[in-house]
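Spelled out from the first residue to the last, the chains are:
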Amino acid sequence: MNIPTIADPEVTIIVAPRERFSYTRESLESIYQNTEYPFKLIYVDGNSPSDIQRYLEEQAQEKQFQLIRTDYYLSPNRARNLGLREVNSKYVVFMDNDVIVTPGWLKALVNCAEETKATVVSPLICQNLPIHSEVHCAGGESGVKVEIKGDKTRRQIIEKIYKQGRIVEDILPQVQRQKTGLAEFHCMIVRTEIFKQIGVLDEKLMNTKEHVDLCMLVTEAGGSIYLEPESLTTYVPGPPLKWTDLHFYMLRWSDAWELSSLKHLRDKWNLSEDEYFQKRYDTLGRRRRDTIIAPLIKSVFGRRIYRAESLLMKLDRILNRYLSDRYAQKHLQSLQNQSSQPVKSAIAASQR
């Protein structure tokens, strides 16, 4: 696609790994095929397998975008911050590496931000295959609900996603550009200047509720969040996963990362240890069970066998603890202290 050359585009797109690498090609090609609006691209590659690494290096040279690679896996906010420190444009788009976009998606987001003065704008985000058919997030709510009963104060997290699971064709006629309370990191555009007020993304939120935290900080700082349904994107989760995805996936959704994130969220916003947190503690490992264990059992026996799944989950927890402990020993302390790890940056200023 021929896009006008602009010395300093007002939009920088940061693509960061979400939970796997095997959808990298489809997602990146989607951006370049469907984005007419000028942009700079920063692609953060956290230790992808060798074939994906070669592909990204080739694409960075061909399309002249900035590629930042680490030789270790990255939590999502860590990856986004690596890209964010390179941004000097008016807007930054955060996008996961498993997202497919539609023609006009970026222009619609910029138009909404310009016309409403919004701090954050979310597209209509879809989920699963076939693409652009099932709603994942059409805005929502975030915040803290305070209840006072006698001498007891209860502070509960608010996270509500609108119209999840609905058919896009059914809801599009009813959904208009509107102010909302929630955007997700699958894809969102943000005014870069807001980070001067709220600081960089919180890396102690390692795998959950990063988007809720950002939205609450933006609102607290006096910013606004909008939904722009003229922009349509889809995130495509696994399964299937490739074998080369498994290590990253297990670390990304590890019990240790989730527990650490939940406890930090609780303490940061002074939340009550209530049924919301208890439910999350009780369902640790759910993603690994649904995405790795259950499909494996079904492939062997032709159906789900819950007793076999429970047995494998006991082994999974042992392996998962080993992987997260090893990662923590090698990387976690230095990452949280913001010390430098080896980062290879293939830089070529994108003029798209």
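Here the residue index of a chain counts from 1 through its sequence in written order. Since the coordinates come from a predicted model, pLDDT governs what is reported: local features require at least 70, and pairs of side-chain atoms require 80 or more to be given and counted, while whole-chain, interface and lining totals use all residues. In computing side-chain properties, one takes all heavy atoms of the structure into account and sets aside hydrogens as well as water.

Draft legend 1. Local environment of the overall build of the chain. Here a helix means four or more residues in a row that DSSP labels H or I, a strand means two or more in a row labelled E, and each is numbered from the N terminus. The secondary structure content of the chain amounts to twelve helices and 13 strands. As a reference, a globule follows 2.2 Å times the number of residues to the power 0.38, and the radius of gyration itself is taken over C-alpha atoms. Taken over C-alpha atoms, the radius of gyration comes to 20 Å for the chain, in line with the 20 Å a tight globule of 352 residues would show. When its C-alpha atoms are laid out on the principal axes, the chain stretches across 55 × 55 × 45 Å. Here, two residues are considered to be in contact whenever any of their heavy atoms come within 4.5 Å of each other. The long-range share in the chain, meaning contacts at least 24 apart out of those at least 6 apart in sequence, stands at 79%. Throughout, the Shrake-Rupley method with a 1.4 Å probe supplies accessible areas, and for residues the shown protein chains are the sole cover considered. Within the structure as shown, the chain displays about 16300 Å² of accessible surface, and the carbon and sulfur contribution to it stands at 49%.

Draft legend 2. Spotlight on the packing of aromatic side chains. Here the aromatic set is Phe, Tyr and Trp, taking the six-membered ring for Trp, and pairing holds for ring centres within 6.5 Å; pairs whose planes are under 30 degrees apart are stacked, those over 60 apart are edge-to-face, and all others are tilted. Applying the stated criterion to the full structure yields eleven aromatic pairs. Relative to F39, the ring of Y32 lies with its centre 5.5 Å away and its plane at 55°, an arrangement referred to as tilted. Aromatic side chains F277 and Y281 sit 6.4 Å apart centroid to centroid with 40° between the ring planes, which places their arrangement in the tilted category. Highlighted residues: F277 and Y281, both in helix α10 (residues 275-282), separated by four residues, approximately one helical turn. An aromatic cluster of at least three residues, connected via ring pairs, comprises Y32, F39, Y43 and F65. Both a distance and an angle decide whether a charge sits over a ring: NZ of Lys or CZ of Arg must be within 6 Å of the ring centre and within 35 degrees of the ring normal. Positioned above the aromatic ring of Y32 is the side chain of K63, whose terminal nitrogen or guanidinium carbon lies 5.4 Å from the ring centre. Here R252 stacks its cationic end above the ring of W253, 4.0 Å away from the centre of that ring.

Draft legend 3. Just the nonpolar core, in detail. To define a nonpolar core, start from buried Ala, Val, Leu, Ile, Met, Phe, Trp, Tyr and Cys residues and group those joined through side-chain atoms within 4.5 Å. Relative accessibility decides the category of a residue: with a 1.4 Å probe and only protein chains considered, values under 20% of the type maximum give buried, values over 50% give exposed, and everything between is partly exposed. Of all hydrophobic cores here, the largest spans 78 residues; its most connected members are I13, F94, W105, L106 and F195. If we skip the residues at most four places from it in the chain, W105 touches I13, N34, T35, V93, M95, C187, S231, L232 and T233.

Draft legend 4. Quick look at the environment of I171. Topologically, I171 is positioned in helix α5 (residues 168-171). C-alpha separation for the pair I171 and Q329, spaced 158 residues apart in sequence, amounts to 48 Å. Excluding its chain neighbours within four sequence positions, the residues that come into contact with I171 are L124, V135, K163 and R166.

Draft legend 5. Local environment of the environment of V190. Here V190 shows up in strand β11 (residues 187-191). Residues V190 and V93, spaced 97 residues apart in sequence, show a C-alpha to C-alpha distance of 6.2 Å.

Draft legend 6. Spotlight on the confidence of the model for the chain. pLDDT gives the predictor's per-residue confidence on a scale running from 0 to 100. Per-residue confidence for the chain gives a mean pLDDT of 93, with 92% of residues at or over 70. Confidence scores differ between elements of the chain, with strand β13 (residues 343-346) showing the lowest mean pLDDT of 43 and β11 the highest of 99. A low-confidence stretch, residues 338-352 stays under pLDDT 50, and its non-local contacts, those more than four residues away or across chains, total 50 contacts.

Draft legend 7. Summary view of a nonpolar patch on the surface. Taken together, the side chains of L296, V300 and F301 make up a nonpolar region of the molecular surface, amounting to roughly 300 Å² of accessible area. For F301, the position within the fold is in helix α11 (residues 286-301). Patch membership requires over 30% relative accessible area and the absence of a salt bridge. Like charges are linked within 9 Å, and nonpolar side chains (Val, Leu, Ile, Met, Phe, Trp, Tyr) within 5 Å. Salt bridge criterion: a side-chain nitrogen from Lys or Arg within 4 Å of a carboxyl oxygen from Asp or Glu.

Draft legend 8. Examining the pattern of salt bridges more closely. Throughout the structure, instances matching the rule amount to 23 salt bridges. One salt bridge in this structure joins E203 and R78, with 3.9 Å as the shortest N-O distance. In this pair, E203 is assigned in the loop between α6 (195-198) and α7 (210-220) and R78 in helix α3 (residues 76-84), connecting sequence segments 125 residues apart. The residues E203 and R78 share a single accessibility class, namely buried. Between E273 and R266 there is a salt bridge whose closest N-O contact spans 2.9 Å.

Draft legend 9. Structural detail: α10. When α10 is considered as a whole, its buried residues turn out to be F277, R280 and Y281. For α10, the buried positions fall inside an angular range of 100° around the axis, keeping them on one side. Those residues of α10 that are exposed and angled more than 90 degrees off the buried face are E275, K279 and D282. Elements that come into contact with the buried residues of α10 comprise α9 (255-268). Within 3.5 Å is the distance limit for a polar contact, defined as a pair of N or O atoms, with the added protein rule that one can donate a hydrogen and the other accept it, and that residues adjacent in sequence qualify only through two side-chain atoms. The opening residue of α10 is D274, an N-cap whose side-chain oxygen sits 3.1 Å from the backbone nitrogen of Y276. The directions considered for the arc are those from the helix axis to the C-beta atoms.

Draft legend 10. Up close: the packing of α9 against α10. All axes are obtained by fitting lines to C-alpha atoms, using only the stretch in contact for helices, and the reported angles, taken between N-to-C directions, cover 0 to 180 degrees. Remark: α9 packs on α10, axes separated minimally by 11 Å, with the N-to-C direction vectors making an angle of 170°. When the interaxial angle is binned, α9 and α10 end up roughly antiparallel. Packed against α9, whose contacting residues are E258, L259, L262, K263 and R266, the element α10 presents F277, R280 and Y281 at the interface. In this scheme, roughly parallel covers angles under 35 degrees and roughly antiparallel covers those over 145, while 65 to 115 is roughly perpendicular and the rest are oblique.

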